[in-house]
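# Structural overview for review
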Amino acid sequence: NTPILKNRIPFVILFLYFLNLCTAQSQTCPELDTIPELKGSVCFTSKAPLNYKAGDTTKIELFVRKFPAVQERKGSIWLIPGGPGESGASLYPLIGQFSKLFPNLDIFIPDHRGTGYSNKLCPQEEAIDSPSGMGLANDEWGSCFNYMYTNLDYVKSFTITNAAKDLSLLINSYSGSGERYIYGVSYGTQLVLRLLQLETVAFDAVLLDSLVPHQEDVAYDLSHRSLVTNNVGLSLLQNLDQRNSNEESLKTQLKAILERAKTDTAFAAELPKQDLAILLGMMLDLPAVRNTIPEIIKGLQADNFEPLQQAIQNVTSFYTGYGAAYPSATNSIPLTQVITASENNLRPEMTKAEVVQESEGLLFKSPLPNLIAENAMPTYSRDAYFGQTPNQMPPTLIINGTLDPKTHIEGAKKHYMLLAEKNPSVSFVKVQNAPHFIALFAPQAFNKVVSEFIKEGAIENQTVTEQSLMLD
């Protein structure tokens, strides 16, 4: 396969340009001796431009962790985390899986600007040695807001495009010779596509896990997340009902329970304080938990709250446990809000009251629309790359779950079709009943499909299954 062309600038000139931009420095890796999967990794901190504009000499630091190939080296793969507030630590738990899948490749995992050990939007409050670590707590919010509004030029530099230029710089600086691949998940797919728009990096293939909807898709942007979550939840209930056709539908039962919670004070007092529909929406992300929803419904009908409490505990345990060993795993809420408000919320004028009104009566909800409504963070202006698609792409595999409550399968399919108009080498594979993040929740299907794609250089559009995702 022929990699995508670098761009219109001769490669030698481009390479020298990147060398001038990026000053790399090897360093001792954090947590190297305390976390088993990080042993043997090599870390770098690179100085990169705050803005990629002529005459701007301000620099930021970017952190990259490299896991050397476990067998004879033949190239490299870059794993791009989601977010936009997630650091590379969100992918560390999968390093063993990717090392087996790509034993001959060096694996690089960067921290996006604004996350992990890279420079933050609020340098003091989000520092690793701040009172609450990289997360914000108590009065840190006030001082963080103050810093951001007194350093607007700095904050407005934390754009998707600048993050893509960071990747371009790092990949061309560190990858070395041989094959070159890139994997992105969730927001990472958006960032990889922005990188491909730049036409400054060569790849042999691209892997997009849980492709986000196109930026101008008004049906599936982040302000519509509750509607997306509800749609997926109802699809799940319908699928489960087909296996229990003699009973009253799960949808009807759940609707009655949510109505009862509004009128029966004694019943409502036994429920968690958080909106039950939001709790149910969160369960859709975890297959083992979502499969207990019929049991939860049955329990609540009989005033048995234990199945619900157990499910909430399981959700909490997963999110507190996943990546808990990594101090840099904390999500950057300031970065998430800035990028979301600037580029990924197509209804910025929506109020919190309107969010409540729109979600009234939904059986499954997301907390996200309310969190992004009435944004108080600074925003930056959209640039020429907003809402565009790459003009040329190397062989690309898109893999999405049919029950993804975050990046809806129909939104992903519509985006795929737009990409395929210009790029016939793009393939779309659906994983039956899979939620968000295929590599994590459908690893066998992911490994099989990716292996075939890399080996053959292409794969037919298809739907695959994974035994652990079968609905009871």
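Residues numbered from 1 in each chain as written. Predicted model: local features only at pLDDT ≥ 70, side-chain atom pairs only at ≥ 80, totals over all residues. Heavy atoms only, no water.

### A closer look at the overall build of the protein
Within the protein, the secondary structure is distributed over 19 helices and 10 strands. Looking at the protein as a whole, 56% of its 472 residues are labelled buried. Sequence-distant contacts, at least 24 apart, represent 77% of the contacts inside the protein between residues at least 6 apart. (Helix = DSSP H or I, 4+ residues; strand = E, 2+ residues; numbered from the N terminus. Buried < 20%, exposed > 50% of the residue type's maximum accessible area, 1.4 Å probe, protein only. Contact = heavy atoms within 4.5 Å.)

### Section: helix α6 (residues 187-198)
Across its 12 residues, α6 extends 17 Å between first and last C-alpha, which sits within 8% of the 16 Å expected from 1.5 Å per residue. Buried residues dominate α6, accounting for 12 of its 12 residues. Among the residues of α6, those classed as buried are Tyr187, Gly188, Thr189, Gln190, Leu191, Val192, Leu193, Arg194, Leu195, Leu196, Gln197 and Leu198. Looking one or two places after α6, you find Glu199, whose phi comes out positive at around 55°. (Expected span 1.5 Å × (residues − 1).)

### Side note on the environment of Leu195
In this fold, Leu195 is placed in helix α6. On the basis of relative accessible area, Leu195 is assigned to the buried category, the value being 1%. Distance from Leu195 to Lys165, taken between C-alpha atoms, is 6.8 Å for residues 30 residues apart in sequence. Those residues in contact with Leu195 that lie beyond four places of it in its chain are Ala164, Leu167, Ser168, Ile171, Ile182, Val201 and Phe203.

### Observations regarding the packing of helix α12 (residues 293-301) against helix α13 (residues 306-321)
Direction vectors running N to C along α12 and α13 enclose 140°, while the axes themselves pass 7 Å from each other. Classified by the angle their axes make, α12 and α13 are oblique. Across the interface between the two elements, Glu295, Ile296 and Leu300 from α12 touch Pro307, Leu308 and Ala311 from α13. Across the contact of α12 with α13, the residue classes break down as five nonpolar, no polar and one charged. (Axes fitted to C-alpha atoms, helices over the stretch in contact; angles between N-to-C directions. Parallel < 35°, antiparallel > 145°, perpendicular 65-115°, else oblique. Nonpolar A, V, L, I, M, F, W, Y, C, P; charged D, E, K, R; others polar.)

### Some remarks on the packing of aromatic side chains
Under the criterion given, the structure shown has 17 aromatic pairs. Look at Tyr183 and Phe446: their rings are 5.8 Å apart centre to centre, the planes differ by 85°, and that puts the pair in the edge-to-face class. Residue Tyr183 is located in strand β6 (residues 179-185), and its partner Phe446 is located in helix α19 (residues 443-456); the two are separated by 263 residues in the primary sequence. You'll find Tyr183 and Phe446 in the same group, each marked buried. A network of ring pairs unites the aromatic residues Phe98, Phe102, Tyr181, Tyr183 and Phe446 as a single cluster. The residue whose ring lies beneath Arg113 is Phe158, and the NZ or CZ to ring-centre distance is 5.6 Å. In this structure, Arg382 packs its charged tip against the face of Phe386, placed 4.3 Å from the ring centre. (Phe/Tyr/Trp six-rings, centres within 6.5 Å; stacked < 30°, edge-to-face > 60°. Lys NZ or Arg CZ within 6 Å of the ring centre and 35° of its normal.)

### A few points about the confidence of the model for the protein
Low-confidence regions, as indicated by low pLDDT, have predicted coordinates that should not be scrutinised in detail. When pLDDT is averaged along the protein, the result is 92; 94% of the residues meet or exceed 70. The low-confidence segment residues 1-22, where pLDDT is below 50, has 45 contacts with residues more than four positions distant or belonging to other chains. (pLDDT = per-residue confidence, 0-100.)

### Here's the deal with α19
For α19, with 14 residues, the first-to-last C-alpha span of 20 Å sits near the 20 Å given by 1.5 Å per residue. All of the buried residues along α19 are Ala445, Phe446, Val449, Val450 and Phe453. Burial along α19 is one-sided: seen end-on, the buried residues are contained in an arc of 115°. Looking at α19, the residues exposed on the side facing more than 90 degrees away from the buried face are Gln444, Lys448 and Lys455. (Arc of directions from axis to C-beta.)

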